[in-house]
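Topology and contacts: notes
Below are the chains, spelled out letter by letter.
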Amino acid sequence: MTTASQSVVSEYGLENHGFKNVGAVHWNLSVPALYEHVIRRGEGFMANHGPLIVYNGKHTGRSPNDKFTVKEPSSEGDIWWGKINRPMSPENFAALKQRMLDYCQGRTLYVQDVYVGRDPRYRMPIRVVNELAWQNIFVRNMFVRPDHDALAGHVPEFTLIAMPSFQADAELDKINSETAIVINFATREVLIAASMYGGEIKKSIFTVMNYLLTTKNVLPMHCSANYGPDGDVAIFFGLSGTGKTTLSADSTRTLIGDDEHGWSDHGIFNFEGGCYAKVIKLSPTGEPEIYACTRRWGTVLENVVYDPDTREIDLDDGSVTLNTRASYPIHFIPNADATGMIDKHPRNVVMLTADAFGVMPPISKLTPEEAKYHFLLGYTAKVAGTETGIDEPVATFSPCFGAPFLPMPPKVYGDMLAERIARHKVDVWLVNTGWTGGPYGVGHRMELHYTRAMVHAALNGVLAGAETRTDPIFGVQVPLSCPDVPADVLNPRSTWADPDAYDTQAKKLAAMFDENYAKLDV
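The structure contained in this document is the topic of the report that follows. (Residues numbered from 1 in each chain as written. Predicted model: local features only at pLDDT ≥ 70, side-chain atom pairs only at ≥ 80, totals over all residues. Heavy atoms only, no water.)

Regarding its fold elements, the protein chain presents twelve helices and 30 strands. Seen through its C-alpha atoms, the protein chain measures out along the principal axes to roughly 70 × 55 × 45 Å. The buried share of the protein chain, taken over its 522 residues, is 62%. Considering only contacts within the protein chain whose residues lie at least 6 apart along the sequence, 72% involve residues at least 24 apart. Counting only carbon and sulfur atoms, one obtains 51% of the accessible surface of the protein chain, whose full area is about 19100 Å². Looking at charge distribution, the protein chain has the averaged site of its 47 positive side-chain charges lying 3 Å from that of its 61 negative ones. (Helix = DSSP H or I, 4+ residues; strand = E, 2+ residues; numbered from the N terminus. Buried < 20%, exposed > 50% of the residue type's maximum accessible area, 1.4 Å probe, protein only. Contact = heavy atoms within 4.5 Å. Areas by Shrake-Rupley, 256 points an atom, 1.4 Å probe, with all protein chains shown as cover. Lys, Arg positive; Asp, Glu negative; His and termini not counted. Charge placed at Lys NZ, Arg CZ, Asp CG, Glu CD.)

Rendered as structure tokens:
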């Protein structure tokens, strides 16, 4: 098997995964070397200040209708089967994989051996094999890079093969299109066909961890996490576009991670070694840390528009997609914790929702029972561009604020969270980063500086003992005042021109809450 310009070749070669007669194999290349490959192969462009710009083609977001899980004896009884976890037979998986391996014969491949999980007690060695050099940079950015001396002996416990130019056969493979994202827990493999979107790689491994860590009494969470000067840990739940990355990248606090974490008996640890931030209309004043990363060598920008002459990027231009993304190593954030973990339990849990109806209070304090209810409910809005076919916010219910990545029923994760909240006496807050003054199309998005002020007040203990009112429709406790936030902002009804119209919308949403919660087997 040919090798070329390798950094360190693993003793556990590609033949162990079934690859035969491939072309050049580039093992564990550094980012500078991969930059050269990207430019030479025409996969992307270098913008002013050094970031790479790449375009995803058809899929500029995740393709949930093309995600499958192999139905096999070792995991069949655990999986939450349905629209999120569609079954594929072991025979169809084996045939699909073989055709992918056949496709790879004679082709140049890139391999990165990395870890998922920053805590050495729970980390897992993984391998990503792909045909695009820029995706290899993405992998180096997003996962945990082993020490150079450890690469030769790296033996993956899960392997992901991503071939965007290979097309599945919908009829032959019994799937929905030429695109396929398939997880096999028996063979410990992930296959990605016909999608160039980097997020499919990231979220497939997240889904794997969401299954495996529960057996180790670790709660896997779709959340960001940080801690304050005295070590007080806060975690932020929320789907893409609700503010997890933005609110956790706070210059007054230390970032643990922006998207995926585990809560063990020891504390909190990041799954990743990087960040994957939405950058559409990113503000240099509202989000300075992330904004700076978009103008830095080593960052990969997906679908960001740029001037071909000056190579200046335009983060306000959503003509390709509103789901423009930046992938960068977490150490690009100045106040990130180098270890990606802390042996302390959260003092505060923040659940973020982007309410498209514009009726949810901007912040409210939840009882433990309400916390479990809203966690299992997972109300938010699918933000434009995050998934194929979503062009404007749509109200949705995503259990555990991450249903697309849950291989097991929501109750498993809900029970684990409730137990931890009770055991560690955690304060829980529900924060609406969505609309105020009316629904989407009438009102406007909550101003970021107000949300930051409310979150700071919650994390600093200012709101813990504040006077509250009971919301008459949602029943949650809403603070009557908050530093640097106008009182009328705290009461969404007062921001509507027609209070009666607010009542109608709020009751409609509350009924949807109860209706959707009743569908859960909890």
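On to the sheet that holds strand β9 (residues 180-184). Strand order in the open sheet made by the eight strands is β1-β6-β7-β8-β10-β9-β4-β5, with mixed pairing throughout. Taken across any chain shown, the strands that pair with only one partner, and hence form the sheet edges, are β1 (25-27) and β5 (86-88). Each strand axis lies, on average, 25 degrees off the axis of its neighbour in the sheet, ignoring direction. By the bridge criterion, three bridges tie strand β4 (residues 67-70) to β5 in an arrangement that is parallel. Its bridge partner lying in β5, T69 is registered against P87. In the packing of helix α3 (residues 133-142) onto the sheet, the strands contacted are β6 (109-116), β7 (124-130) and β8 (158-163), and the crossing angle to β6 comes to about 10 degrees. Helix α5 (residues 198-212) rests against β4, β6, β7, β8, β9 and β10 (189-193) of the sheet, and its axis sits at about 155 degrees to β8. (Pairing = 2+ DSSP bridges. Axes fitted to C-alpha atoms, helices over the stretch in contact; angles between N-to-C directions.)

In this structure, F237, M351 and F474 are the most contacted members of the largest nonpolar core, which totals 93 residues. Take this core: its biggest share by element is seven residues, from α5. In terms of nonpolar packing, the next biggest core, distinct from the first, is built from 26 residues, V70, L96, L101 and I175 among them. (Core = buried A, V, L, I, M, F, W, Y, C linked by side-chain atoms within 4.5 Å.)

Below, the discussion takes up the sheet that holds strand β3 (residues 52-54). Strand order in the open sheet formed by five strands is β2-β3-β17-β20-β16, and the pairing between neighbours is mixed. Edge positions in the sheet fall to β2 (45-46) and β16 (274-278), since each of these pairs with one other strand and no more.

Across the ten residues that make up helix α8 (residues 368-377), a large majority, seven, are buried. Turning to α8, its buried residues are E370, A371, Y373, H374, F375, L376 and L377. Phi for G378, located one or two positions after α8, is positive at around 60 degrees.

This part takes up helix α9 (residues 410-424). Helical periodicity: at 3.6 residues per turn, an α-helix aligns residues three or four positions apart in one direction. Along its 15 residues, α9 runs 21 Å from first to last C-alpha, staying within 8% of the 21 Å computed at 1.5 Å per residue. Among all positions of α9, only P410, Y413, G414, M416, L417, R420 and I421 are buried. Taken end-on, α9 shows its buried residues confined to a sector of 165 degrees, consistent with a single buried face. With its phi angle positive at about 50 degrees, K425 sits one or two positions after the end of α9. (Expected span 1.5 Å × (residues − 1). Arc of directions from axis to C-beta.)

A few words on the environment of S251. By secondary structure assignment, the location of S251 is in the loop between α6 (244-248) and β13 (254-257). Judged by its relative accessible area of 55%, S251 falls in the exposed class. For the pair formed by S251 and E287, sequence separation is 36 residues and the distance between their alpha carbons is 9.8 Å. Contacts of S251, omitting those with residues within four sequence positions, involve E289 and N335.

Another point: the packing of aromatic side chains. Under the definition given, this model contains 21 aromatic pairs. With centroids separated by 5.5 Å and ring planes inclined at 10 degrees, the aromatic side chains of Y122 and F269 adopt a geometry described as stacked. One end of the pair, Y122, is in the loop between β6 and β7; the other, F269, is in strand β15 (residues 268-270), with 147 residues separating them in the sequence. Looking at Y122, the relative accessible area reads 12%, which means it is buried. Among the aromatic residues, those joined into a cluster by ring pairs are Y122, F206, F269, F271 and F405. Across the ring face of W435, the terminal group of R445 is positioned such that the distance to the ring centre comes to 5.0 Å. (Phe/Tyr/Trp six-rings, centres within 6.5 Å; stacked < 30°, edge-to-face > 60°. Lys NZ or Arg CZ within 6 Å of the ring centre and 35° of its normal.)

Moving on, we come to unusual backbone geometry. A positive phi is found at N21, a non-glycine position, where the angle reads about 55 degrees. Considering the arrangement of structural elements, one finds N21 in the segment before β1. Positive phi outside glycine occurs at N303, with the angle close to 65 degrees. One can find N303 in the loop between β17 (300-302) and β18 (305-306).

Right, let's get into the pattern of salt bridges. Under the defined criterion, the tally for this structure stands at 23 salt bridges. In this structure, R99 and D173 form a salt bridge, with 2.6 Å as the shortest nitrogen-oxygen distance. One end of the pair, R99, is in helix α2 (residues 90-104); the other, D173, is in helix α4 (residues 170-173), and 74 residues separate them in sequence. Each member of the salt-bridge network shares a partner with another, and the members are K202, K203, K244, D259, E260 and E272. (Salt bridge = Lys/Arg side-chain N within 4 Å of Asp/Glu carboxyl O.)

Time to look at the pairing of strand β22 (residues 346-353). Of all eight residues that make up β22, seven are buried, and the element is covered over most of its length. Relative to β22, strand β12 (residues 233-237) is paired through five bridges, and the arrangement is parallel. Counterpart to V233 in the pairing with β22 is P346.

A few words now on the side chain of H17. Mapped onto the elements of the fold, H17 is located in the segment before β1. By relative accessible area, H17 is classed as buried at 8%. When neighbours within four sequence positions are excluded, H17 is seen to be in contact with Y12, K97, L101, R127, P156 and T159.

So, on to the environment of T245. Inspection of the secondary structure assignment puts T245 in helix α6. Residue class for T245 comes out buried when judged on its relative accessible area of 14%. The contact partners of T245, leaving out residues within four places of it in the chain, are D258, Y276, A277, I290 and Y328.

Before going further, it helps to spend a moment on the environment of H26. The residue H26 is located in strand β1 in this model. Sequence separation between H26 and Y502 is 476 residues, and the spatial gap between their C-alpha atoms is 59 Å.

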